[in-house]
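# Summary of structural features
Given next are the chains, with one letter for each unit.
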Amino acid sequence: MIKLVLANDVGNDKMKILEPGMREVVKIPSAYKRITRQPNVHETDIKKNVTNLIDQLLVHISSKSIRRDGLYMIGDRAIQTTEDVSNMDISVHEKHSNDLPLINTLGYAAARAVQKEFEKTGKLPKSLNVQVMMSSAIPASQHNIKTAKHLEDRFTNANHVVIVYVGEESVTVQLEFAKVKVTKEGVPALYAMFEGSKDMFKEFAKEYSLNNIDGSSFVDSKIMHVDIGSGTTEYIYTIGVNPRPEQCTGERRGVGHAVEEAIELMADERKGLTINRQQFAKYIERPDEYPKDHKMAVEFLKEARINQIDFILDDIERKYTKTLSSEPEYIAVYGGGSIEFKDDMYQDLKKFADDVDAKVLWIPKEFAVDMNVRGLDILNRNMLFEEEYQEVVMV
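Residues numbered from 1 in each chain as written. Predicted model: local features only at pLDDT ≥ 70, side-chain atom pairs only at ≥ 80, totals over all residues. Heavy atoms only, no water.

The next thing to look at is the packing of aromatic side chains. If you walk through the whole model with that rule in mind, you get 10 aromatic pairs. Summarising the aromatic geometry, the rings of Phe204 and Tyr208 are spaced 5.2 Å apart at their centres and angled 50° between planes, so their arrangement reads as tilted. The two residues Phe204 and Tyr208 agree in class, both being buried. An aromatic cluster is present here, built from Phe201, Phe204, Tyr208, Phe218 and Tyr330 joined pairwise through their rings. Here Lys342 stacks its cationic end above the ring of Tyr346, 5.6 Å away from the centre of that ring. Just above the ring of Tyr208 sits the side chain of Lys359; from NZ or CZ to the centre is 5.7 Å. (Phe/Tyr/Trp six-rings, centres within 6.5 Å; stacked < 30°, edge-to-face > 60°. Buried < 20%, exposed > 50% of the residue type's maximum accessible area, 1.4 Å probe, protein only. Lys NZ or Arg CZ within 6 Å of the ring centre and 35° of its normal.)

Right, let's get into the environment of Ala148. Within the secondary structure, Ala148 sits in helix α3 (residues 145-156). The sequence separation of Ala148 and Lys181 amounts to 33 residues, and the corresponding C-alpha distance is 8.0 Å. The contacts of Ala148, once residues within four sequence positions are left out, are Ile138, His143 and Val182. (Helix = DSSP H or I, 4+ residues; strand = E, 2+ residues; numbered from the N terminus. Contact = heavy atoms within 4.5 Å.)

Before going further, it helps to spend a moment on helix α9 (residues 336-355). Given 3.6 residues per helical turn, the α-helix brings residues three or four places apart onto the same face. Taking 1.5 Å per residue as the helical rise, α9 with its 20 residues ought to reach 28 Å, and the 27 Å between its terminal C-alpha atoms agrees with that figure. The axis of α9 is deflected most strongly, by about 85°, at Lys342. The set of residues buried in α9 consists of Gly337, Ser338, Phe341, Met345, Tyr346, Leu349, Lys350, Phe352 and Ala353. Two residues or fewer past α9, Asp357 is found with a positive phi of approximately 60°. (Expected span 1.5 Å × (residues − 1). Bend = angle between axes of the 7 residues up to and from the residue.)

Moving on, we get to the side chain of Ser338. Relative to the helices and strands, Ser338 is located in helix α9. Side-chain polar atoms of Ser338 contact the backbone oxygen of Gly335, separated by 2.6 Å. Setting aside chain neighbours within four positions, we find Ser338 in contact with Ile228, Val333, Trp362 and Ala368. (Polar contact = N/O pair within 3.5 Å; in protein donor to acceptor, adjacent residues only side chain to side chain.)

Right, let's get into unusual backbone geometry. At Ser209, a position not held by glycine, the phi torsion is positive, near 50°. The residue Asp357 is not glycine, and still its phi comes out positive at about 60°. Here Asp357 lies in the loop between α9 and β16 (359-362).

Spelled out as structure tokens, the structure:
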């Protein structure tokens, strides 16, 4: 029996995962493609195939928790073409009822089990039994006791059989999710903040001429968290270590909405262009690979993001003054969208914060994207799965 402990932040653009002992966050595009037949095999070296398993993920999933059993390409492998790719529709889909978190998580967990077994024995098994403990999060605007339990039950109340294809070989993996905890996005980030090093707060300390600031400086504080994602922005209020659930909200705002508008602008400019959000992200992130597309993507994204920034600034001002009665001492901003929006948003937010006698804690880009998944990992280690966490040794 192989055991996995997963901190799993299923974002609208990327699924971010940490396991005990991992230093780097594993990032998998939030996309899958259902296919009817196995593609041709081009690599037969088993060791190479096992090493590249997550990037070349092809699985057959049988589970009553998803709409259709079948053969799925997942993550990077799914987005190599644009045709028939399924991703999170950020304007309508809710994570607890969507199949994407299930399909991508089941594929990842099964593939990781195969990797761990191969690294331990040097052989590819015919079958594996795997027990999984996992924490995850859904947007505050979608989170309540029922929706959280619905997603937890989709993992725990079903047997999931995943056949992982490793080149010409295959491994049948039985996944049992023994324990699953689903919390609100934004809440786990609080714990990542409390354990943050001085590097996380160096820009903040410089802005406000403060010394010796680290995560412990905020343990007793009232904080309004602004977690800017792709499809949603979460507004979380915490006093000390305690979230205030009734004052936590979320809105359908974020960099993904700006990206979709930018894609439309690109499609108008380049007749016949058909791309999805994940491919647009490649244009932005890989200028050397896509020099012509990169320039145009950056230009249109800059234009499109202004609307989203204005919406978020309006949200912050309204929620800070009305919902939270101007109580928070700090407005903490993080998430993938915070990197994209900072240049056009920071000064306006700083002016508002100065006016209401608060301070802006804008988390630097090297920490901003992974706050939720690192917080989930801390919760796994210290609260949710303490014993199991220590048992699981990262291979």
